[in-house]
Amino acid sequence: MANLATEISRRRTFAIISHPDAGKTTLTEKFLLYGGAIAQAGEVKGKRARAATSDWMEIERQRGISVTSSVMQFQHDGYCINILDTPGHQDFSEDTYRTLMAADSAVMVIDGAKGVEPQTRKLFKVCAMRGIPIFTFINKMDRETRDPLELCEEVERELGIDTYAVNWPIGCGKKFKGVYDRRKSCIVFFSAEGHGKKASATEVHLDDHAVADYIGEEGWHNLRDEVELLGAGRDFDLEAVRTGKLSPVFFGSALTNFGIEPFLEAFLEMTTSPLSRTSDKGTVDAFDEDFSAFVFKIQANMNKAHRDRIAFMRVCSGQFKRDSEVYHMQSGKKLRLSQPQQMLAAEREIIDEAYAGDIIGVFDPGMFSIGDTITVPGKKFNFMGIPTFEPEHFMRVSPKDTMKRKQFVKGTEQIAQEGAIQIFRIPFAGMEEVIVGVVGTLQFDVFEHRMKSEYGVDMHMVGMPYDHLRRITASPCEPKDLTLCSDAILLEDFRGNSLVAYSGEWPIGYLLKHNPGLELSEIFVE
């Protein structure tokens, strides 16, 4: 039991969130670099030959964006760290929202020149709803940025959370020399060793005249004034941090590695060990001896050679042991997870055990769905559901080559089970054509790319003029006999539920007026 508590206590599981292009994936890479998980970091963009470790999908490497959440584990300074790198682009926010359900804390990356951006606000709200600790990393200090105090004030004003600057930048752009560490009362000066390697750091006490050798007499005096001003602000409160009420702020440059190591060390000290989870039978304590987990992500074809499917599980309590018998709540079946894996993006390693806070991947024969609960036999409960979203864009999709119907059906169903798209059909029509619904249009591009590269299927894709979807919960007649307007269409999902897709708000009034007794519900909730 002592070993169980020790192992769980040293786990740190967090997600990295940001608006697109704020430097989130680059920061993830540098965490791996400083944690010793990789020898040299590759960034998302640029002409350098290396691609980012956390961007494993081919389309991610081509476009320089993250379109799927990556899961990475590494050891550093006695901690076992699980990083969830999420897509920043709003078209993939579904995947990000689900991934945040598996995290115990979040690192919010902000571009020092742009401040708080729209997608940052959306993702912050999800973290705030869960009350998890949120750490702020103001990035790109190697470029010209806005005033640091102004940036902290904007975070407080826009996001409604108090901030505390744990360190303070010394200059920006080409004059960015390092950071003042308020906890140690010393200055950490950095010197570049190349983008893919660790930065060298020299620590000098604030009152040491040697500081002037680095930043000049005027710079030294200005820095002391700024530090004095910071001291007049609020005090640091670790309890407020751990309940999501106070966000520690750090400054640095993920590209040049300046400020990364001090941030990582302070973050690991301040953030929490695995948190308890809510189920329909009450709270499940992370330190409970009995194993439990939930599925938050499914990914097909991570290994093209094997065409496999991996279900990602967040271990919520106890210890998982390879080949031990577990119970799948949704199917009511006992099973053995014989090849559990841990990840470094697409790289895998078979493991024998895992603890609360860890993310493991298991082979999925088609049994698991997002949100499923896994427990030990004899314990029956379900963790609270993971949100799904109403599609806002629809397309008719069919294979160009009718001889590839089998691959088309398999591909659309597998990608839909991952939660990347939602698929529907027109009632009484075959599978030669499906209706694909997505939250953001970029998901169509990824879907088309994956169908071609992973399943060998070229497709016809035709846009449809609908932007809403409602489920039929009561009908005065067979759904096929309903009176529909020209702006609505009857669809069916693959559970047999009848739905109506429509454009604008007017069709709802028409449908209810011309079909007395018809009831529609919003089945997609945030």
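Residues numbered from 1 in each chain as written. Predicted model: local features only at pLDDT ≥ 70, side-chain atom pairs only at ≥ 80, totals over all residues. Heavy atoms only, no water.

(A) Focus on the overall build of the chain. On a plain count of helices and strands, the chain comes out with 12 helices and 31 strands. Taking all 526 residues of the chain together, 56% fall into the buried category. At a minimum sequence separation of 6, the contacts of the chain that also span at least 24 residues come to 69%. When the accessible surface of the chain is totalled, it reaches about 22300 Å², and 47% of it is carbon and sulfur. (Helix = DSSP H or I, 4+ residues; strand = E, 2+ residues; numbered from the N terminus. Buried < 20%, exposed > 50% of the residue type's maximum accessible area, 1.4 Å probe, protein only. Contact = heavy atoms within 4.5 Å. Areas by Shrake-Rupley, 256 points an atom, 1.4 Å probe, with all protein chains shown as cover.)

(B) Examining the layout of surface pockets more closely. Space inside the second largest pocket adds up to approximately 700 Å³. Lining the second largest pocket are 30 residues, and of these D147, P148, W168, P169 and E226 lie nearest its centre. Sorting the residues of the lining of the second largest pocket by element identifies helix 6 (148-159), strand 6 (162-165), strand 7 (167-170) and helix 7 (211-231) as the ones contributing at least two each. When residues of the lining of the second largest pocket are assigned to their parent elements, the largest contribution, eight residues, is made by helix 7. Classifying every residue of the lining of the second largest pocket gives 15 nonpolar, six polar and nine charged. (1 Å grid on protein atoms, 1.4 Å probe; cavity = no way out; pocket = protein on both sides within 12 Å on 5 of 7 lines; lining within 4 Å. Points joined across faces, edges and corners; volume = space filled by probe spheres on them. Nonpolar A, V, L, I, M, F, W, Y, C, P; charged D, E, K, R; others polar.)

(C) Quick peek at the pairing of strand 22 (residues 359-363). Most of strand 22 sits out of view: four of its five residues are buried. Here strand 15 (residues 309-317) runs beside strand 22; their pairing, made up of five bridges, is antiparallel. Within the sheet, the bridge partner assigned to M313 lies in strand 22 and is I360. (Pairing = 2+ DSSP bridges.)

(D) View of the pairing of strand 28 (residues 468-474). Note that strand 28 and strand 30 (residues 498-502) share four bridges and pair antiparallel. When the sheet's bridge partners are listed, H468 is paired in strand 30 with Y502. Where strand 28 lies against strand 31 (residues 519-521), three bridges are found, and the strand directions are antiparallel. Bridge assignment links I472 to a residue of strand 31, and that residue is L520.

(E) Quick look at the packing of aromatic side chains. Inspection of every chain in the model, using the stated rule, returns 16 aromatic pairs. Taken together, a centroid distance of 5.3 Å and an interplanar angle of 55° make the contact between F291 and F320 tilted. Note that F291 is positioned in the loop between strand 13 (282-284) and strand 14 (292-300) and F320 in strand 16 (residues 319-321), a separation of 29 residues in sequence. Judged by relative accessible area, which is 4%, F291 ranks as buried. For F320, a relative accessible area of 1% corresponds to the buried category. Where W506 meets Y510, the ring centres are 5.4 Å apart and the plane angle is 40°; that geometry is what we call tilted. (Phe/Tyr/Trp six-rings, centres within 6.5 Å; stacked < 30°, edge-to-face > 60°.)

(F) Inspection of the sheet that holds strand 27 (residues 459-464) at higher detail. Sheet architecture is open: four strands sit in the order 25-26-24-27, paired in antiparallel fashion. One side of each edge strand has no neighbouring strand; the edge strands of this open sheet are strand 25 (422-424) and strand 27. Pairs of neighbouring strands in the sheet enclose a mean axial angle of 30°, with direction left out of account. Relative to strand 26 (residues 434-438), strand 24 (residues 393-399) runs antiparallel, the two being bridged by five bridges. (Axes fitted to C-alpha atoms, helices over the stretch in contact; angles between N-to-C directions.)

(G) Region of interest: the sheet that holds strand 28. Within the open sheet, the four strands sit side by side as 29-30-28-31. Their pairing is antiparallel. One side of each edge strand has no neighbouring strand; the edge strands of this open sheet are strand 29 (488-492) and strand 31. Strand-to-strand twist of the sheet, defined as the mean angle between neighbouring strand axes without regard to direction, takes the value 40°.

(H) Structural view of helix 2 (residues 24-34). Within helix 2, 11 of the 11 residues are buried, leaving the element largely enclosed by the surrounding structure. Looking only at helix 2, the buried set comprises K24, T25, T26, L27, T28, E29, K30, F31, L32, L33 and Y34. Taken from the residues just after helix 2, G36 is the one with a positive phi, measuring 80°.

(I) Spotlight on the pattern of salt bridges. Here the structure, examined in full by the defined rule, presents 20 salt bridges. One salt bridge connects R234 with E156, and the closest N-O pair in it is separated by 2.8 Å. Separated by 78 residues along the polypeptide, R234 in the loop between helix 7 and helix 8 (238-242) and E156 in helix 6 bring together distant segments of the chain. Owing to a relative accessible area of 25%, E156 belongs among the partly exposed residues under this scheme. Across the pair K452 and D458 runs a salt bridge whose closest N-O atoms are separated by 2.9 Å. Taking relative accessible area as the criterion, D458 reaches 37% and is therefore assigned partly exposed. When salt bridges with common partners are traced through the structure, they connect E7, R10, R11 and D358 into a single cluster. (Salt bridge = Lys/Arg side-chain N within 4 Å of Asp/Glu carboxyl O.)

Without other data, these values stay purely geometric and don't point to any function.
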